[in-house]
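Given next are the chains, with one letter for each unit.
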Amino acid sequence: MEQWHDRILILDFGSQYTQLIARRIREAQVYSQILPCTTPLATILAYRPKGIVLSGGPASVYDKNAPMIPRQLLEEGLPILGICYGMQLVTKLLDGEVAKASHREYGRAELMIDDASDLFKGVGKGASCQVWMSHGDRIERMPKGFRSIAHTANSPVAAMKSTGGKRRIYCLQFHPEVAHTTGGVKLLRNFVYDICGCKPTWTMRSYVDTAVEQIREQVGQEQVICALSGGVDSSVAAALTHRAIGDQLTCIFVDNGLLRAGEKEQVKQTFARQLHLNLRLLDAAQMFLAALKGVTDPERKRKIIGKLFIKQFEAEAKSKLGDAKFLVQGTLYPDVIESVSFKGPSATIKTHHNVGGLPTKMRLKLIEPLRELFKDEVRVLGKELGLPDDIIWRQPFPGPGLAIRILGAVTPERLAMLRNAEAVVDQEIRKSGLYHDLWQAFAVLLPVRTVGVMGDQRTYEHVIALRVVTSLDGMTADWAKLPHELLGTISSRIINEVRGVNRVVYDLSSKPPSTIEWE
Ligand code: XMP
């Protein structure tokens, strides 16, 4: 995309907020890209960035292995914005003095702006604004040629800039990217527009044009296949590729028998009838259920489902589309960053099934048209491509489907029970208007039976657990404080309408230490 858009590079020193900086800049319609702080100078310059942000990070410049950048980067005349650790790094590299503060400054602080001529132009009300601090060390003496442009009660140098000479460096002791910093958005815009001279060209409309061109060029006259799950990522990736190459794309949707009620129908309706996309529906329910018979271990379930999925997909692709050369995948930018992260990949708690095994085995080349996008950008793109809201705003649904929500062995009877309970949860959550505020809301079928009474009859039946969580990215989550009336309605509807269930419980655990799914 480089020939089309101005670019800001963000060097990541491991701050939890690095992705947020990238998103804020992209919201200003300027393309931004995260690179590990260890990226060589020549590589950085080869990207021809209009400006560079040095992120915060957990290290102290005094640490033995403190991450560094070559001093030369500061002498290139490129606009640089150092945030927290980035500020301390600049100070250290340019022979200023960083001191260990006697106590960490964390949380809200009032910032007094002393120079509103460029970075702080129009930021805050009057000469002050609220900022979010999170740092241990602080600037004791600025490097030569720097001037303080804002202060707080605790930090005489809460922001500084270089004056004169070739350097165009700005540094902040606080985080402009977080919502608690009022005026942070304005500040970042001042940096990218006025100081770096970027133009706001990064829109999803322009993205569609560029991506369509690129896909056409990459694919030529070849055939392309895509595993469609109906989730937002694979749906948008498929729709975008279809926009580029039309009938050269064939999507394969595998019905593994572990789907929710109406799911297959919705995919058919949207992609075949509405978007007129080549869609093959593979009915493999019997095969999956046979393979899962008697299996109770969650990881074994995942492995069986993942392997069978690949086998089915491969067989279908080979027999019907033997000459396909490309595979579309809905990889997102956070996955890309994760794999090149300065912090290294995070530990695997559950083996998340994806189709990663496909291209190597099938010798297919990958098309990943969402590789540069964040989730919220993917949604805007989906809208741009005419996908219905139902797909764009769908809550995540795991690849192994209902199999990991039936604790113990998966049987047709248990599937039917869970599917019916799931449908009630879905209907009631949508009706309450809370669907979009929740990360996921679903039912889990427990492997226990409890005693109840219905009419004059004693019952001995199953228990459904409700799992409803809020989360930003699925990495951490909290149980949702749903209104009691809503919980009551869901519970009584499930007990009345779902045969075989006589009790409903609500899951009150957060992640960590629990996970979102029960298996
Ligand atoms: P956990 O249970 O690990 O879930 O807290 C975090 C998010 O990941 C989803 N999940 C999966 N997705 N295959 C998937 O495609 C899986 O095996 C899988 N396990 C969990 C889960 O629904 C939640 O959104």
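Located above this text is the structure these notes cover.
About the criteria used
- Residues numbered from 1 in each chain as written.
- Predicted model: local features only at pLDDT ≥ 70, side-chain atom pairs only at ≥ 80, totals over all residues.
- Heavy atoms only, no water.
- Helix = DSSP H or I, 4+ residues; strand = E, 2+ residues; numbered from the N terminus.
- Expected span 1.5 Å × (residues − 1).
- Contact = heavy atoms within 4.5 Å.
- Salt bridge = Lys/Arg side-chain N within 4 Å of Asp/Glu carboxyl O.
- Buried < 20%, exposed > 50% of the residue type's maximum accessible area, 1.4 Å probe, protein only.
- Pairing = 2+ DSSP bridges.
- Axes fitted to C-alpha atoms, helices over the stretch in contact; angles between N-to-C directions.

## Quick word on helix α14 (residues 412-432)
- Helix length check: α14 (21 residues) gives 30 Å between terminal C-alpha atoms against 30 Å at 1.5 Å per residue, within 8%.
- In this structure, the buried residues of α14 make contact with α8 (285-292), β15 (440-454), β16 (457-470), α15 (484-497) and β18 (501-506).
- Downstream of α14 by one or two residues, G433 has phi in the positive range, about 80°.

## Structural notes on the pattern of salt bridges
- Counted by the stated rule, this structure contains 34 salt bridges.
- Across the pair E517 and R405 runs a salt bridge whose closest N-O atoms are separated by 2.9 Å. Taken together, the positions of E517 in the segment after β18 and R405 in the loop between α13 (389-392) and α14 put the pair 112 residues apart, joining distant regions of the chain. Each member of the pair, E517 together with R405, is buried.
- Because the salt bridges share partners, they merge into one network encompassing R71, E75, D95 and R167.

## Here we look at the sheet that holds strand β13 (residues 324-328)
- The five strands lie next to each other as β12-β11-β10-β13-β14, forming an open sheet whose pairing is parallel. Two strands close off the open sheet at either side, each with one partner strand: β12 (278-283) and β14 (365-367). Looking at each pair of strands side by side, their axes are set apart by 30° on average, direction ignored.
- Two elements, strand β11 (residues 249-255) and β12, share six bridges in a ladder whose sense is parallel. Each residue of the ladder has a partner; that of I252, found in β12, is R280.
- On the sheet, helix α5 (residues 204-219) packs against β10 (223-227), β13 and β14 and is oriented at approximately 165° with respect to β14.
- Strands β11 and β12 of the sheet are contacted by helix α7 (residues 263-274), whose axis makes an angle of about 165° with β12.

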